[in-house]
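# Structural features, examined
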Amino acid sequence: MTEKNILAWFKKQKWKPHVFQMETWKAMLAGYSGLINAPTGSGKTYSAWFGILLEYLQKYPDQKKTKPGLQAIWITPIRALAKEIEYSTSRSCTDLGISFSVAIRSGDTTAGQKAKQKKQMPELLITTPESLHLLLAQKGYPDIFKNLSTVVVDEWHELIGSKRGVQMELALSRLKGLNPDLKIWGISATIGNLEEAKDVLLGKYESPTKMIRAKIVKNVQIETIFPDVIENFPWSGFIGTQLLPKVIPIIHKSQSVLIFTNTRSQAEIWYQQLLETEPDLAGLIALHHGSLDQNTRTWVEDNLHDGKLKAVICTSSLDLGVDFSAVDTVIQVGSPKGVARFMQRAGRSGHSPGALSKIYFVPTNSLEIIEGAAMREAIKQNVIESRVPFIRSFDVLVQYLVTLAVSDGFEPDVIYKEIIRTHCFATVTKDEFLWCLQFITNGGNSLQAYDEFYKVEIEDGIYKVLSRGVAMRHRLSMGTIVGDSALQVKFLSGKRLGSIEESFISKLNIGDVFWFSGKNLEIIKVHHMEVVVKKSTLKNGKIPSWQGGRMPLSSQLSAMIRYKIDNYLANKVNDDPELNKLKGLFELQAKRSHLPTSKEFLIEYVQTKEGYHVFMYPFEGRFVHEGMAAIVARKISEIQPITFSIAMNDYGFELLSDQEINIEEALSLDLFNIKNLEAEIQMSVNATEMSKRRFREIASIAGLVFQGYPNKAMKTRHLQANSQLFFSVFEKYDAENLLLKQAYDEVLDFQLEIERMRMAYDRINQQSIILKRPIKPTPFAFPIMVDRTRSSYTNENIQDRLLKMKAQFEKDS
DNA sequence: GACCTGCTGCGGACTG
């Protein structure tokens, strides 16, 4: 059995291996580590898989007699993908007559299967980052990995920008420590920082590395769905069902459609309205998002795979995963927020190499139409976002150290040398590492009085967990994904439908009806984190919303939007029907105020019956705007005592006050000349409050708070309260706590996007400021104003209201 | 006059 046989097999399959695949095999056989960059549907799995197989055949030509144990590990970020990899790898073994066993190890793996694996590991183990760490927490784990020669990390672009990526780096550092010859291969879709992605994955070792790029062009065609009359299209809003009548014919003429929405509630709304307008589609369309029960989701995936569904309305839950070859059309509803995401979604259709991926873009408000043109330009210019890797994530490090202590225990010196070879922990000093050791042995400076934090003990210099209880709890809470605890929705029969948030259900009573999982449901009772429901015959129910993550518009896409406005102003509208369509709106913006070129920075000052508004439009995504708005507000309040309420969206922000604002004077202060951005932020933003919220995740990953046993989730407010308690204790007694510092750093890096803010300030300082005083709010301003009124029940506004009431009271008396 | 925001991912095994 040689390479020849494999090539012959390919021939039999009528499949000619691509150059990049052969390149990969060669590099793997020559002992390289590396990163493969290939689009989905190009055969990237086989590129790495046959490398593994060929090496195995070379090492053990007589494979039928030898049982060398675990040869390779294949990491996938989601379980659904594991099944697909298992299918294609084991099928090719059967076809080729090679004795090479393949098995999955994930949360789905039964105890029996695990026991079997323990006796005899397969040659290829397909697993997740979390399950790999669980293996590292087993007694005698080095034995499992002793013959391991290759680790493949699939979809590395998905992991690199998250703490799961950090977890991966740590596991690899250990495996590399056990076996210095270990080869590591990543597979990644195109991202802006591929070279960095490779370096982060492979760590700092001497071994030779290679980047392999499949030069396969993915043709993406974007078609924006327009309203007939732009004048009737709303200026704000994010649901977009106005255009539903135009989406229906697309569904009918397609074989199978994926409709991506940005939020779970939006998916529910679209599903509901689609059924209402087109009852014939009942049974042919389905819903898929992260809060639906796993069984429902699997059913949808299977039927989509088999081509039995005409359309599925989904969220990012179907961004990744199984190959849905039946899908020939993709629709994106609302802003795609970023180029990479949009490309990923577009790629879910037209799966064969070289095939055209067509994606329809359905804008949900007028201004958003421009994003269709911006996206087309980004793809033309090949502009794509980077995924920034985490650094110095001490929460993950602390968890990892306990993991190793749960197994056979570890020697600190050995592990320190390994972790500083990772990208994430390269700058960790000996002292910082000692801090981590202390933290896991006695809780650090402030928790020494509580023995529950004496998790790890030292025996002959080896750090070990001796308590079975600590070990069990640790195994249960491994991983870096901290979910929001939610209530389970169930029928009386016990059938699960999915989960919704406490805050939503608390607004309803027994007997009320809500729409969820594509059904109208009546509440029978709520107890023990469960909502028991029955089907309702009522037509209308409230639709739940979930407090998920908020994704800002990417800076690449923002830049393209500014560029497209320039194009419009320069009359270069030929390639983009979007710009033609926006003519009326842009003319109104120019008439009432001004349409800024990319060399201009527009500020609008408007008086309405609500008060005095200042609008600014950096077009830099809502996170940056949040920070900028706070800084501008503070600077203005230095010249006149004034309070503002602040609102923002992805295009700009608003400061509103009931007092007149001396905007000229404020501008003369050089509002945007920032010398020390970090200091400005500290003075303007309530960083402590933001960090406190951020700390919940860190406390959970670091094992400070226990999330509860499976299926017995703790209430969100308990978790929140516990982590806040630790936060306050550390603030008071342990200011040097590395986890505390990490919370502050994460707020600056991810919540306020400080680097991006810095670039935005640099740009604004190059621009000329255009101040306009429109009589009425402009098309740019309107969506931001609406955003503010919508959130009028936040604490901040209650405070405002109280103040107003107080003022009123003073006036009356 | 325009309004139904807020994603995804994972998950015990030891001892008798």
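Remember, predicted model here, so these are calculated numbers, not experimental data. (Residues numbered from 1 in each chain as written. Chains lettered and ligands numbered in written order. Predicted model: local features only at pLDDT ≥ 70, side-chain atom pairs only at ≥ 80, totals over all residues. Heavy atoms only, no water.)

Turning next to helix H3 (residues 44-59). The terminal C-alpha atoms of H3 lie 24 Å apart, and with 16 residues this matches the ideal 22 Å at 1.5 Å per residue to within 8%. Counting buried positions over the 16 residues of H3 gives 14, a clear majority of the element. (Helix = DSSP H or I, 4+ residues; strand = E, 2+ residues; numbered from the N terminus. Expected span 1.5 Å × (residues − 1). Buried < 20%, exposed > 50% of the residue type's maximum accessible area, 1.4 Å probe, protein only.)

Before going further, it helps to spend a moment on the environment of Pro-227. For Pro-227, the location among the structural elements is in the loop between strand S8 (219-224) and helix H11 (244-253). With a relative accessible area of 7%, Pro-227 lands in the buried category. C-alpha of Pro-227 to C-alpha of Gln-589: the two residues are 362 residues apart in sequence and 19 Å apart in space. If sequence neighbours within four positions are ignored, Pro-227 has contacts with Phe-233, Leu-243, Lys-246, Ile-369 and Lys-581. (Contact = heavy atoms within 4.5 Å.)

For chain A, the assigned domains are domain 1 (3-213), domain 2 (220-381), domain 3 (394-480 + 687-751), domain 4 (486-535) and domain 5 (593-685 + 753-810). The straight-line distance from the C-alpha centre of domain 1 to that of domain 5 is 51 Å. (Domains from an automatic or database assignment.)

The subject of this paragraph is the pairing of strand S11 (residues 311-314). Burial along S11 is two-sided: the face carrying Ala-311 and Ile-313 and the face carrying Val-312 and Cys-314 are both buried. Pairing of strand S9 (residues 257-260) with S11 involves 4 bridges; the strand directions are parallel. Looking at S11, one finds that Val-257 is bridged to Ala-311. Bridge analysis of strand S10 (residues 285-288) against S11 gives 4 bridges, and the strand direction is parallel. When the bridges of S11 are listed, Leu-287 appears paired with Ile-313. (Pairing = 2+ DSSP bridges.)

We now examine the side chain of Thr-241. Mapping Thr-241 onto the fold places it in the loop between S8 and H11. Aside from chain neighbours lying at most four places away, what touches Thr-241 is Ile-269, Trp-270 and Gln-273.

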